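Close look at the chain arrangement
Chain by chain, the residues run as shown.
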Amino acid sequence: MSANYLFFGIIAFYLIGAASAIILNKKDRLCSYASFLIAALAALLGIIFSILVIFGDTFSYELSSGSYLKFGFFVDKLSAFFILVISISVFAVSIYSTGYVREYFGKKNIGYLGFLYNIFIISMILVASADNAVMFLIVWELMSVVSYFLVVYEHEKPETRKAGFIYIVMTHIGTGFIMMSFLVFIGTSASFSFGTFAEAGKTMTPLLKDIAFIFALIGFGTKAGIVPMHIWLPYAHPEAPSNVSALMSGVMIKIAIFMLIRVFFDFLGASQAWWGYVVLTLGTISAILGILYAVVESDIKRMLAFSSIENIGIILIGIGASMIFFASGKPVLASIAAIAALYHLLNHSIFKGLLFMGAGSILYSTHTKNIEDLGGLIKKMPKSAILILIGVLSIAALPPFSGFISEWLTFQSLLLGFNLNETFPMIILFISAAVLALTGALAAFCFLKFFGIGFLALPRSQHAEHAKEANTPMLIGMGIFASLSILLGILPFYVLPVLARIAASFTGNLDSFTFASFATFLIPSSMISLSTPAILAIIIIFMLILSVILFLINGKKQPVYETWGCGQPVSTSRNEYTATAFSKPVQVWFKNLYRPARETEATYSTSPYLKESFKFESKIEQVIERYLYEPVVDFVITRSRKLLIIRTGSIHTYLGYIFGTLVILFMFVIAGGSS
Amino acid sequence: MIPALMSAILQIIIILALSPLLSGITKKAKAFFQIRKGPSIFQPYYDIAKLLRKDSVVSQNVSWIFHAAPIISFAAVMTAGLLIPIYITSLPLGFAGDLIAVVYLFALARFFTALASLDAGSSFGGMGGSREMFVAAMVEPALMLSIFAVALNVGSTNLSYISQTLSGMGLDALSPYQILAFVALFIIAIAETGRIPVDNPSTHLELTMIHEAMILEYSGKQLAIVELGAMTKQLLVFSLIANIFFPWGIASAGAGIAALAFALVVYILKIVIIGLTMAAVETSTAKWRLFRLPDLLSISLMFSFLALVSFIIVKGG
């Protein structure tokens, strides 16, 4: 009963947040505090609610009973986990937002942003709790449309409008596939209720199952940003306001993962091993392509968006492995792989949220997202720098931060593939592990570039020169996520049993887990163990000893001098290494993928040996967009042009069309009626 | 608790004491192959002692990252040192991490060194950092696959367990997949320790150097820590190879003093032989162009892949 009050309390709070945003529209400051702090409060309720469901009973509530189309809510452990992920992110991001939107005061409509923000969160929670295909599609559409409006919030910029357009088109193509997938289920179950889909999944023919699988994968995969359906993501996420980007990249794309798990495991029973291979392969490709494009990107937010594709890939590697194990009758291994995926999902929502908020702070104080214009921010924004560094270390999967645990678990679950005792699956899993290793190393490369070029050395532009520390609410928001990144890294043994419960709810296995001792967790039946608290403790002990020794032997103060430049005075930012140069080796290595094109332009003064100015431009190609989407778009456009001949501009012709259509429909009805 | 602590401290002392020696022996061997006299094998100790007496000159551009990086990197490498069996298979802190954790601890050390390379704002540093991370990215897939090959053979990624099991196998440990994985890991070790043909540890020419370019801004006491860290990492990488592929002679838990002393001697012999081999390889090859390195590491990747495939074939798929 209390769960009822809580659930509707959450919805009510977000609605109040949305309403207050509208009411207080004229007063920017008050409006931002009201709408975002109420959202934060609702998020706290959401955390309590989801924890209650994870440790207690499934929550379900019927809005209308007995009728053909039953609307209701259904929250089991899996959906509760996603509501938890949403709520944690919303809590931190909302606090951050109260500071971040000060940027827009007097320029943009804060009430509009606050309203959409709250509605967007409601739509995500409803998507995670919808009990019925029709209701699901309605709230899914709500989520897509509201997020579209959030993406085009800064609609005065043409690139924002273009990004919004690509997003809305792609998301509707995705929704179309989702609908078709649901129709396959409805055809068997004769009901819109998700509860009956699971039974339908058992009785469907293998062909129908395969069709439902493929449509769901394409449909939800589009939202999740799986390669090759990812093309909207690097446009849309960077253009949205940074607090919204944090939610979109951190949470919204995860909702699609939630539905993938729901459809594959709960509805379809993950019965076919080849589904697992498809998911694993797509995950591996997404991971490597995502990070490869992120490495060479100079726009911070676009880089983060590409990295989201990478991380979705890593999550899918876990899910794919889990499906393979499950279909091969190894539920324990399936649980381990699923735990790895869920752990990475949770981690990613936190460190990516942190990094997007960090990118927002950089944007807030420097008004640029171009990494080539930054530099030296560690001195201008020291607190933000530390928080962002924690995010960077987490996403680079370095011990003892959070990303390391989930990547370690993913490697271990791939290694457990040797239990399959079949040659082909083993080789697929191991190749995936090798690609994942490359992905991890490139992620470290990418985020080293981001932090090293963006924060260290000297400022490269006036923007960076005059950067100021982010304001307190922004620091608090980022601080929450930074502490969570550390805690998820060093206290995995508190998180893992919870994730095991959730994984068990779809892989059906709980008892075989032993999370042995306080600091260690073991994979059953082998000596494999990891203890990040121990690692952290040893590192800290070594650091302390070294620091003390250095302090004791350091007689004089350290002399400060110019950076070494072969005897030349070089201490200007013009001599620094650039981001483009930093990632150049990777660009050369993968030149077949990037297909780089460069343009150089030099102007000379009197002598041809003295260059007056030099312009260098280097571009890379988005292969999938260029060779997969552009031909399709061109095809559609040229065909549509041909259809123009039926547009005569004469009203008589149009009336003729209508008449003709009616006649055909009439004949169709008669023919249908007679049979 | 006390014996465990003693054992850990002993391991640290052995690692720190042997690292410069190994470096010195390798240098001496290189000099021998090049028909030079070369510096004494104790020269690295003198170098570190000298550097520790000097002041560190720092650039005016740097932030706290530059000061913290050597300490963090060194601590990460030493932590890895507590997870790798040296002369005895029982590790007091072996539970804290496995082979994959060791790889990631090295990555942590590398990350901070490369970060510090960008801090002074010189092009040298950026170039070095970029190349270091590039080489690391190339190494990683081959490294993970060869780890998998070893882990499959033994059934665990726990390093103590691997050494223990393999040394118990006697000569059976020399299986085809083990040999293939060894070749792969040896190539990786060349890259990880920054040796020819990947990197040249004894040059300061900006076109050829990787590691030296990264640490160009360090001097005095900080440089001493960086150098010692690099030597320690080299010793640890060699120890990994020694105790994964040639585990014979390593002491088991509860061995007596005599057995431990014997194991220590065997261990020193093993890493010296690997060091000599490395010196021979270094002398007989030329430094490769940076963009030819993917070829070299693809060879390593192929070897580790073959190791996996042959394991699957031999052990039955």
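What counts and what doesn't
Residues numbered from 1 in each chain as written. Chains lettered and ligands numbered in written order. Predicted model: local features only at pLDDT ≥ 70, side-chain atom pairs only at ≥ 80, totals over all residues. Helix = DSSP H or I, 4+ residues; strand = E, 2+ residues; numbered from the N terminus. Rg over C-alpha atoms; globule rule 2.2 N^0.38 Å. Buried ≥ 20, exposed ≤ 12 C-beta atoms within 10 Å, placed from the backbone. Contact = placed C-beta atoms within 7 Å. Core = buried A, V, L, I, M, F, W, Y, C linked by C-beta atoms within 7 Å. Axes fitted to C-alpha atoms, helices over the stretch in contact; angles between N-to-C directions. Parallel < 35°, antiparallel > 145°, perpendicular 65-115°, else oblique. Nonpolar A, V, L, I, M, F, W, Y, C, P; charged D, E, K, R; others polar. pLDDT = per-residue confidence, 0-100. Expected span 1.5 Å × (residues − 1). Pairing = 2+ DSSP bridges.

This part covers the overall build of chain A. From N to C terminus, chain A includes 26 helices and seven strands. Whereas a compact globule of 675 residues would reach a radius of gyration of roughly 26 Å, chain A reaches 27 Å, a difference of no more than 12%. With 675 residues in all, chain A has 54% of them scored as buried. Of the contacts made within chain A by residues no fewer than 6 positions apart, 78% connect residues no fewer than 24 positions apart.

Further remarks concern the nonpolar core. In terms of nonpolar packing, the biggest core is built from 366 residues, with Met 124, Leu 260, Leu 342, Ala 433 and Leu 442 of chain A together with Phe 148 of chain B touching the most fellow members. With 22 residues, the single largest contributor to this core is helix H17 (residues 423-455) of chain A. If we skip the residues at most four places from it in the chain, Ala 433 of chain A touches Phe 411, Leu 414 and Leu 415 of chain A together with Met 144 and Phe 148 of chain B.

Residue and element names in this part refer to chain B. Looking at where Ile 215 falls in the secondary structure, it is placed in the loop between helix H8 (211-214) and helix H9 (220-245). Taking the C-alpha atoms as reference points, Ile 215 and Ala 114, separated by 101 residues in sequence, lie 8.5 Å from one another. Ile 215 has contacts with Thr 113, Leu 223 and Val 226, leaving out every residue within four places of it along the chain.

What follows is about the packing of helix H12 (residues 300-327) of chain A against helix H13 (residues 331-366) of chain A. Relative placement of two packed helices is described by the angle separating their axes and the distance separating the axes. Residues and elements named next belong to chain A. Close contact between H12 and H13 brings their axes to 7 Å; oriented N to C, the two are set at 170 degrees. The orientation of H12 with respect to H13, classified from their angle, is roughly antiparallel. Here the residues of the contact of H12 with H13 sort into 20 nonpolar, six polar and two charged.

Time to look at the interface of chain A and chain B. Taken together, the 72 residues of chain A in the interface contact 70 residues of chain B. Among the elements of the structure, helix H14 (377-380), helix H16 (402-415), H17, strand E4 (529-530), helix H21 (532-553), strand E5 (560-561), helix H22 (579-582) and helix H23 (584-589) of chain A are those that each provide at least two residues to the side of chain A that touches chain B. At 17 residues, H17 of chain A tops the list of elements feeding residues into the side of chain A that touches chain B. Here the residues of the side of chain A that touches chain B sort into 51 nonpolar, 16 polar and five charged.

Moving on to the confidence of the model for chain B. In this model, chain B carries a mean pLDDT of 90, and residues with pLDDT of at least 70 account for 97%. Interface scoring of the predicted complex returns ipTM 0.96; its pTM is 0.94.

With that out of the way, let us pick up the environment of Ala 340 of chain A. All names here are of chain A. Within the element layout of this structure, Ala 340 appears in helix H13. Remark: the alpha-carbon pair of Ala 340 and Asp 210, spanning 130 residues in sequence, is separated by 26 Å. The contact partners of Ala 340, leaving out residues within four places of it in the chain, are Gly 318, Ser 406, Leu 409, Thr 410 and Ser 413.

Before going further, it helps to examine helix H11 (residues 293-315) of chain B. Given 3.6 residues per helical turn, the α-helix brings residues three or four places apart onto the same face. In a regular helix each residue adds 1.5 Å, so 23 residues correspond to 33 Å; H11 of chain B covers 33 Å between its end C-alpha atoms and thus fits that length. Three or more residues of H11 of chain B are buried, namely Leu 293, Leu 297, Ser 300, Leu 301, Phe 303, Ser 304, Phe 305, Ala 307, Leu 308, Phe 311 and Ile 312 of chain B. Elements that come into contact with the buried residues of H11 of chain B comprise H17 of chain A together with helix H5 (123-154) and helix H7 (176-192) of chain B.

So, on to the pairing of strand E2 (residues 72-75) of chain A. For a regular strand, side chains alternate in direction, first toward one face of the sheet and then toward the other. All names here are of chain A. On E2, burial follows the alternation: Phe 73 and Val 75 on one face are buried, whereas Gly 72 and Phe 74 on the facing-out side are not. Alignment of strand E1 (residues 59-62) against E2, held across four bridges, turns out to be antiparallel. Bridging from a neighbouring strand, Ser 60 pairs with Phe 74 of E2.

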